[in-house]
Amino acid sequence: MTKQEEIQKLKDEKDAVILAHYYVRPEVQEIADYVGDSYFLSKKAVGLPQRTIVFCGVSFMGESAKLLNPSKTVLMPDAEADCPMAHMVVRETIEKARAQYEDLAVVCYINSTAEIKSWSDVCVTSANAVQIVRNLPNQNILFIPDRNLAHYVAEQVPEKQFVLNEGYCPIHENMRAAEIQKLKKQHPSARVLAHPECSQEVLALADYIGSTSGIIQYAEESLDKEFIIGTESGVQYALQRARRDAVFYFPETEPVCTDMKRITLDKIIEVMKHGGNEVCMDNGQADEAAKQTLTKMLELAK
Ligand code: 13P
Ligand code: SF4
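Now for a look at the structure at hand.

Definitions and cut-offs
- Residues numbered from 1 in each chain as written.
- Chains lettered and ligands numbered in written order.
- Predicted model: local features only at pLDDT ≥ 70, side-chain atom pairs only at ≥ 80, totals over all residues.
- Heavy atoms only, no water.
- Helix = DSSP H or I, 4+ residues; strand = E, 2+ residues; numbered from the N terminus.
- Buried < 20%, exposed > 50% of the residue type's maximum accessible area, 1.4 Å probe, protein only.
- Contact = heavy atoms within 4.5 Å.
- Areas by Shrake-Rupley, 256 points an atom, 1.4 Å probe, with all protein chains shown as cover.
- Lys, Arg positive; Asp, Glu negative; His and termini not counted.
- Charge placed at Lys NZ, Arg CZ, Asp CG, Glu CD.
- Near = heavy atom within 4 Å.
- Nonpolar A, V, L, I, M, F, W, Y, C, P; charged D, E, K, R; others polar.
- Polar contact = N/O pair within 3.5 Å; in protein donor to acceptor, adjacent residues only side chain to side chain.
- Pairing = 2+ DSSP bridges.
- Axes fitted to C-alpha atoms, helices over the stretch in contact; angles between N-to-C directions.
- Salt bridge = Lys/Arg side-chain N within 4 Å of Asp/Glu carboxyl O.
- Disulfide = S-S within 2.5 Å.

### So, the overall build of the protein
- Counting its secondary structure elements, the protein contains 15 helices and 12 strands.
- Principal-axis analysis of the C-alpha atoms gives the protein an extent of 55 × 55 × 30 Å.
- Residues counted as buried form 56% of the 302 residues belonging to the protein.
- Taking the intrachain contacts of the protein between residues at least 6 apart in sequence as the baseline, contacts between residues at least 24 apart amount to 61%.
- Summed over its atoms, the accessible surface of the protein is roughly 13,400 Å², and 46% of this surface lies on carbon and sulfur atoms.
- Positive and negative side-chain charges in the protein, numbering 33 and 44 respectively, have mean positions lying 3 Å apart.

Pasting the structure below:
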């Protein structure tokens, strides 16, 4: 039996469904029931008929799925797969801003721990941040933890005041504008599609800025045949499936999220067989507050 066949058999036996982010390895995306960006996956996690969710992604994704579905079993193929940015804010930043601005909304990127979510008012993803922030009644926004996404949202919603926090994604932050410029010179008709976690210098070179799903959809609908991609290279699998006729160029220093790449078929089989790495949320009121930020996001993004 191949690993793929074994996973299929385990899905049936254990009444399990597999969710995967676009940044995981191609062979993992291939066996997943649903592949998507953080927004799609958090929506999808709600109301699935299976008893068990195997989340092929980093820990904040599994936590969010568990918060939204407390009665389900959520398994992480690798318990160490974590997003470094998800920890990049301290409580004092929030307390200080709350003391300073009476009408402050603390807007928390989904790439954050459940504890950080519990200190916040509403959660967002890169796919819905602009829409949600624009429609909030609050004039003052503390956007945590990502300074790059915060900066991008602030530009799109100039009528509001933003307090930024110094968090960042090391993979997107590491992308150099000079490498994108070099690719643009080599492929002058290529469109540049970038994720808002990139630095301002990289985003200034982009023809389109959006979430991973947004980037894939843009390429799918475009008449262009060459694209320079400013996000983690795992999206190449979905891009190439969507546009077999197109060419996708990535920066020379390949953007690779080593945490996402920790998920392998062997680890999926292992947790499905033995039920390891179960996500347990046992922080009572804090978990309830974190869940509310997610349900508020799902309502506001409709
Ligand atoms: P999206 O899935 O929202 O595009 O974000 C990318 C990301 O970094 C997930 O960790
Ligand atoms: Fe976190 Fe960046 Fe990896 Fe996404 S790509 S999970 S933001 S480290």
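### Examining the site of ligand 2
- Near ligand 2 the following residues occur: Tyr23, Cys83, Pro84, Met85, Asn111, Cys169, Ile171, Glu197, Cys257 and Met260.
- Classifying every residue of the shell around ligand 2 gives eight nonpolar, one polar and one charged.

### Re the site of ligand 1
- Around ligand 1, 14 residues are found, and the nearest of them are His21, Ser38, Ser126, His195 and Thr212.
- Here glutamate 197 contributes a side-chain N or O atom positioned 3.0 Å from an oxygen atom of ligand 1.
- Against a free-state accessible area of 300 Å², the protein chains account for coverage of 96% of ligand 1.
- Here the residues of the shell around ligand 1 are counted per class, giving five nonpolar, seven polar and two charged.

### Thoughts on the sheet that holds strand β5 (residues 105-109)
- If you walk across this open sheet you meet the four strands as β6-β5-β7-β8, and the pairing is parallel. Looking at strand neighbours, the two that pair on one side only are β6 (122-124) and β8 (161-164), the edges of this open sheet. The average angle at which neighbouring strand axes cross in this sheet is 30°, direction not considered.
- Note that β5 and strand β7 (residues 140-144) share four bridges and pair parallel.

### Observations regarding the pattern of salt bridges
- The full count for this structure, using the stated rule, is 17 salt bridges.
- One salt bridge connects aspartate 15 with arginine 51, and the closest N-O pair in it is separated by 3.8 Å. Of the two residues, aspartate 15 is situated in the loop between α1 (3-14) and β1 (16-21) and arginine 51 in the loop between α3 (38-44) and β3 (52-56); the sequence distance between them amounts to 36 residues.
- For arginine 51, a relative accessible area of 56% puts it in the exposed group.
- Linking glutamate 252 and lysine 182 is a salt bridge whose minimum nitrogen-to-oxygen distance equals 2.9 Å. Taken as a pair, glutamate 252 in the loop between β12 (247-249) and α14 (265-274) and lysine 182 in helix α10 (residues 177-186) lie far apart in primary sequence, 70 residues in all.
- Taking the relative accessible area as the measure of exposure, lysine 182 reaches 43% and is therefore partly exposed.
- A cluster of three or more residues bridged by salt bridges with shared partners is formed by Asp78, Arg262 and Lys267.

### Observations concerning the environment of arginine 25
- Residue position: arginine 25 is located in the loop between β1 and α2 (26-31).
- Take arginine 25: its relative accessible area is 29%, and that puts it in the partly exposed class.
- Remark: the alpha-carbon pair of arginine 25 and methionine 260, spanning 235 residues in sequence, is separated by 7.8 Å.
- Filtering out sequence-adjacent residues up to four positions away, arginine 25 remains in contact with Lys261, Ile263 and Thr264.
- Looking at arginine 25, its side chain comes within polar contact range of the main-chain oxygen of isoleucine 263, at 3.4 Å.

### Regarding the environment of asparagine 148
- One can find asparagine 148 in helix α8 (residues 147-156).
- The spacing of asparagine 148 and cysteine 169 is 21 residues in sequence and 8.7 Å in space, taken between C-alpha atoms.
- When residues no more than four places from it in sequence are discounted, the contact partners of asparagine 148 are Tyr168, Glu173, Pro196, Glu197, Cys198, Ser199 and Gln200.

### Here's the deal with the state of the cysteines
- All chains considered together, the criterion is met by zero disulfides.
- Free of any disulfide, cysteine 56 has its nearest neighbouring cysteine sulfur in cysteine 257, separated by 14 Å.
- Assessed through its relative accessible area of 0%, cysteine 56 is described here as buried.

### Details of unusual backbone geometry
- Cis rather than trans, the peptide bond between isoleucine 144 and proline 145 has omega equal to -15°.
- Tracing the sequence through the fold places proline 145 in the loop between β7 and α8.
- The residue aspartate 15 is not glycine, and still its phi comes out positive at about 55°.
- Positive phi values are uncommon outside glycine, yet asparagine 277 reaches one of about 50°.

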